[in-house]
Amino acid sequence: MNRLFSQSLLRLTGVSFLLCSSQLAMALVPNNVAIIVNSGSTNTIGYRIYVSPSGEVNYVDGKGSNQGKLSEKLTKNFFRDLKVAEPLSNLPGKQSCVKSVSFGTITTIRFAGEDSQDISCPGNNAKAQRLDNDVIAIAKALNVVNVPRSQGKPLPPQNF
């Protein structure tokens, strides 16, 4: 009887682990992975892109989640520009950036425990402009877009 109970408990634990593993993976992002976060807008769903130094990416947008691989050149440029811009929390953004209320988004990057300002509004800051160009190229390479709210599903919560 005890053996049967132990086996059942073990199976239940395994199933629970499998169900929670995707949430844990999102929560346990290594410090060397850059996270690009687009807020979305009133009319569109944002996205999150997790970029590893090897070019492997995981991303989620209004169409769902997926994986991909960036070119070596794009990956190297992005991580070089991140290093040059460190610490990201000191990266200035443009103070007044005119954006559409319905379609304006905010794009930030989290890397090595630091969060950037909105890089999609870099003003005259060359470091922020290079990062914004990198993010645009990464999103384009992965075909990640801001999906209209009426055509997609909300992103799962961020666990960090």
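All of these numbers come straight from a predicted model, not from anything done at the bench.

A.B. asks: Would you take a moment to explain the nonpolar core for this structure?
C.D. replies: It is characteristic of soluble globular proteins that their nonpolar side chains tend to be buried jointly. Membership of the largest hydrophobic core comes to 25 residues, with the highest contact counts inside it found for Ile 36, Ile 49, Phe 78, Leu 82, Ile 109 and Leu 131. The set of elements that each furnish at least two residues to this core consists of strand 1 (34-40), strand 2 (44-51), strand 3 (56-61), helix 2 (72-85), strand 5 (107-111) and helix 3 (126-142). Among the elements that make up this core, the one with the highest residue count is helix 3 (6 residues). Excluding residues within four positions of it along the chain, Ile 109 makes contact with Ala 34, Ile 35, Ile 36, Phe 78, Leu 82, Leu 88, Glu 114, Asp 115, Ser 116, Ile 119, Leu 131 and Val 135.

A.B. asks: I would appreciate a short explanation of the pairing of strand 3 in the present structure.
C.D. replies: The two faces of a sheet get side chains in turn, since along a regular strand they alternate between them. The pairing of strand 2 with strand 3 spans 4 bridges and is antiparallel. Each bridged residue has a counterpart across the sheet, and for Ile 49 the counterpart in strand 3 is Tyr 59. Adjacent in sequence and paired antiparallel, strand 2 and strand 3 are bridged by 4 residues, among which Gly 55 carries a positive phi angle near 95 degrees. Where strand 3 and strand 4 (residues 64-69) come together, 6 bridges link them in antiparallel fashion.

A.B. asks: Explain the pattern of salt bridges to me, please; I cannot follow it from the model alone.
C.D. replies: Between side chains of opposite charge, a pair can form when the charged atoms approach closely. For the structure shown, the criterion picks out 7 salt bridges. A salt bridge links Arg 110 to Asp 115; its shortest N-O distance comes to 2.8 Å. The network of salt bridges with shared partners includes Arg 80, Asp 81 and Arg 130.

A.B. asks: What exactly am I supposed to notice about the packing of aromatic side chains here?
C.D. replies: Each aromatic ring pair is described using two quantities: the centre-to-centre distance and the angle formed by the ring planes. Inspection of the entire model under this criterion finds 2 aromatic pairs. Ring geometry for Phe 78 versus Phe 79: centroids 5.4 Å apart, planes at 70 degrees, classification edge-to-face. As far as burial versus exposure is concerned, Phe 78 and Phe 79 are alike and both buried. Pairing Phe 79 with Phe 111 gives two aromatic rings, centres 5.7 Å apart and planes at 70 degrees, and the pair type is edge-to-face. In this pair, Phe 79 sits in helix 2 while Phe 111 sits in strand 5, placing the two residues 32 residues apart along the sequence. Neither residue differs from the other here; Phe 79 and Phe 111 are each classed as buried.

Conventions and cut-offs
Along each chain, numbering runs from 1 in the same order as the chain's sequence is written. Given that the model is predicted, a residue must reach a pLDDT of at least 70 before its local features are reported, and side-chain atom pairs must reach 80 or more before they are shown or counted; all residues, however, enter totals for whole chains, interfaces and linings. Side-chain metrics in this entry use all non-hydrogen atoms of the structure; hydrogen atoms and water are not considered. In plain words, nonpolar cores are sets of buried Ala, Val, Leu, Ile, Met, Phe, Trp, Tyr and Cys residues tied together by side-chain atoms within 4.5 Å. Residue exposure (1.4 Å probe, protein chains only): buried if accessible area is under 20% of the type maximum, exposed if over 50%, otherwise partly exposed. Per the convention used, a helix needs a DSSP run of H or I reaching at least four residues, while a strand needs a run of E reaching at least two, with both numbered from the N terminus. In what follows, residue pairs with any heavy atoms lying within 4.5 Å of each other are defined as contacts. Here, any two strands with at least 2 DSSP bridges between them count as paired. Only one rule defines a salt bridge in this text: a Lys or Arg side-chain nitrogen within 4 Å of an Asp or Glu carboxyl oxygen. Paired rings are identified among Phe, Tyr and Trp, the last through its six-membered ring, by centres lying within 6.5 Å, and are further divided according to the angle between planes into stacked (under 30 degrees), edge-to-face (over 60) and tilted (the rest).

Function cannot be read off these values alone, since they describe shape.
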